[in-house]
Amino acid sequence: KNQVEQSPQSLIILEGKNCTLQCNYTVSPFSNLRWYKQDTGRGPVSLTIMTFSENTKSNGRYTATLDADTKQSSLHITASQLSDSASYICVVSRHTGTASKLTFGTGTRLQVTL
Amino acid sequence: GAVVSQHPSRVICKSGTSVKIECRSLDFQATTMFWYRQFPKKSLMLMATSNEGSKATYEQGVEKDKFLINHASLTLSTLTVTSAHPEDSSFYICSAGISGSSYEQYFGPGTRLTVT
């Protein structure tokens, strides 16, 4: 069964601290893995997209890693800011014939506090 | 970057009425658009995939006669919730993709539907 599991479910950190979010998947055949940030009441915004051959990709203070062998990914946030408070969703894409389908994780709700 | 808009952002309607939600790709042509719904603290659930000029493909368990999807142009798709009931209250999100590119779907800001 195609699944994406994220941990932790929720996380509270102090402003300025770093954190790492985890994503494990069983999606096959794998096409790519994406991390999205979703603010409350808003649509998801793409942070990174990684293909099979990519191990790490950065976007500002966000760094994603991918281990395609163990089917694990992480999202590291450096020097957190209050505006980082959001849900972070791991999404894995797979090919199904002529289309690609996305499998969404349930997200990690991050709260950054003073 | 690619921008997708949705209208309205919030809508409240009475039970039994129909409501239409628009999804537009503002600066690119979207051959494929996707409609999702999201319940509080839950993940996005794909409802249907629509290609411009053809009938939408609905996911298992999604009633096509209740959730009417029209994708009449490369920049506009609409979702109509017919005979809405309180259990249809949810956050509806569309996304748009470009044919041949499996890399990216651009999400709209979502529409909050409340059925009273």
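Just so we're clear, the structure is a prediction, and the values are computed from it rather than from any experiment.

What counts and what doesn't
Residues numbered from 1 in each chain as written. Chains lettered and ligands numbered in written order. Predicted model: local features only at pLDDT ≥ 70, side-chain atom pairs only at ≥ 80, totals over all residues. Heavy atoms only, no water. Contact = heavy atoms within 4.5 Å. Buried area = accessible area lost by both parts, 1.4 Å probe. Salt bridge = Lys/Arg side-chain N within 4 Å of Asp/Glu carboxyl O. Polar contact = N/O pair within 3.5 Å; in protein donor to acceptor, adjacent residues only side chain to side chain. Helix = DSSP H or I, 4+ residues; strand = E, 2+ residues; numbered from the N terminus. Nonpolar A, V, L, I, M, F, W, Y, C, P; charged D, E, K, R; others polar. Buried < 20%, exposed > 50% of the residue type's maximum accessible area, 1.4 Å probe, protein only. Disulfide = S-S within 2.5 Å.

*Asks:* Tell me about the interface of chain B and chain A, and name the residues and values.
*Replies:* Across the contact, 16 residues belong to chain B and 22 residues belong to chain A. Here chain B packs against chain A, burying approximately 1500 Å² in sum over the two surfaces, 53% of which is carbon and sulfur. Counting across the interface, chain B meets chain A through 1 salt bridge. B:Glu59 is paired through a salt bridge with A:Lys101; the nearest N and O atoms lie 2.9 Å apart. In this structure, the connection of chain B to chain A is made through 4 residue pairs in polar contact (both at pLDDT 80 or more). For the side of chain B that touches chain A, the secondary structure elements donating two or more residues are strand S4 (32–38), strand S9 (90–97) and strand S10 (105–107) of chain B. Here the residues of the side of chain B that touches chain A are counted per class, giving 7 nonpolar, 6 polar and 3 charged.

*Asks:* Give me the lowdown on unusual backbone geometry, citing residues and values where you can.
*Replies:* Each neighbour pair has its own omega, and for A:Ser7 with A:Pro8 the value is -10 degrees, a cis peptide bond. With respect to the helices and strands, A:Pro8 occurs in the loop between strand S1 (4–7) and strand S2 (10–14). Of note, the phi angle at A:Ala79 is positive, near 50 degrees, even though the residue is not glycine. Here A:Ala79 is to be found in the loop between strand S8 (72–77) and strand S9 (86–96). A:Ala79 sits in the partly exposed class, given a relative accessible area of 34%. For B:Lys41, which is not glycine, the phi dihedral falls at a positive 60 degrees. With respect to the element layout, B:Lys41 can be found in the loop between S4 and strand S5 (45–51).

*Asks:* Which residues make up the state of the cysteines, and what values go with them?
*Replies:* Residue and element names in this part refer to chain A. The full count for this structure, using the stated rule, is 2 disulfides over all chains. Here Cys23 engages in a disulfide with Cys90; their sulfurs sit 2.0 Å apart. Taking the torsion about the S-S bond as the criterion, the Cys23 to Cys90 disulfide, at about -65 degrees, is left-handed. Pair noted here: Cys23 is in strand S3 (residues 19–25) and Cys90 is in strand S9, with a separation of 67 residues, a long-range link. Residue Cys23 is classed as buried on the basis of its relative accessible area of 0%.

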